[in-house]
Amino acid sequence: QVQLVESGGGLVQAGGSLRLSCAASGFTFSSYNMGWFRQAPGKEREFVAGITWTGGRSDFAGSAKGRFTISRDNAKNTVYLQMNSLKPEDTAVYYCAAGLSLDARIYSDDRRYAYWGQGTQVTVSS
């Protein structure tokens, strides 16, 4: 069965860093684009970062550019999100997701992703 398991979330002070990991199984990881999304209380789920199946290209939400880095290790079936200079507004449940991209684009629409993890909580305090 397909499974995505996030880890690495926690409580951090503003300005600090966290690295999230997502371990995948049950599908051909290297064939899928991977994305990170987040959802804060009372808000819709939003795109944070995405990476192509090869890891050759990545894309970020405007709020994440310059602070976050997405990477993947296909040998380990794992995708990472390195988050630096964290702000209280980054507080959310962070989800990793997998999706096929027929046109090689990185999609920010969560409807484009077929598989989802359960999420990991990130809380940034002032």
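Summary of the structure given here.

Conventions used here
Residues numbered from 1 in each chain as written. Predicted model: local features only at pLDDT ≥ 70, side-chain atom pairs only at ≥ 80, totals over all residues. Heavy atoms only, no water. Helix = DSSP H or I, 4+ residues; strand = E, 2+ residues; numbered from the N terminus. Buried < 20%, exposed > 50% of the residue type's maximum accessible area, 1.4 Å probe, protein only. Core = buried A, V, L, I, M, F, W, Y, C linked by side-chain atoms within 4.5 Å. Contact = heavy atoms within 4.5 Å.

A look at unusual backbone geometry
Across the chain, the bulk of peptide bonds are trans and the bulk of non-glycine residues have phi less than zero.
No. 1: At Ser85, a residue that is not glycine, the phi angle is positive and equals roughly 50 degrees.
No. 2: Within the element layout of this structure, Ser85 appears in the loop between strand S8 (78-83) and strand S9 (92-99).
No. 3: The class of Ser85 is partly exposed, set by a relative accessible area of 41%.
No. 4: At Ala104, a position not held by glycine, the phi torsion is positive, near 70 degrees.
No. 5: Assignment of secondary structure puts Ala104 in the loop between S9 and strand S10 (115-116).

Remarks on the nonpolar core
No. 1: Core analysis: the largest hydrophobic core is formed by 29 residues, its most contacted members being Trp36, Phe68, Val79, Leu81, Met83 and Tyr94.
No. 2: Of all the elements in the fold, those that place two or more residues in this core are strand S3 (18-25), strand S4 (33-39), strand S5 (46-51), strand S7 (68-73), S8, S9 and strand S11 (120-125).
No. 3: Among all residues touching Phe68, those that are not within four sequence positions of it are Arg38, Val48, Phe60, Leu81, Gln82, Met83, Asn84, Leu86, Asp90 and Tyr94.
No. 4: Phe37, Ala61, Ala97 and Tyr113 belong to the second largest nonpolar core, which has seven residues in total.

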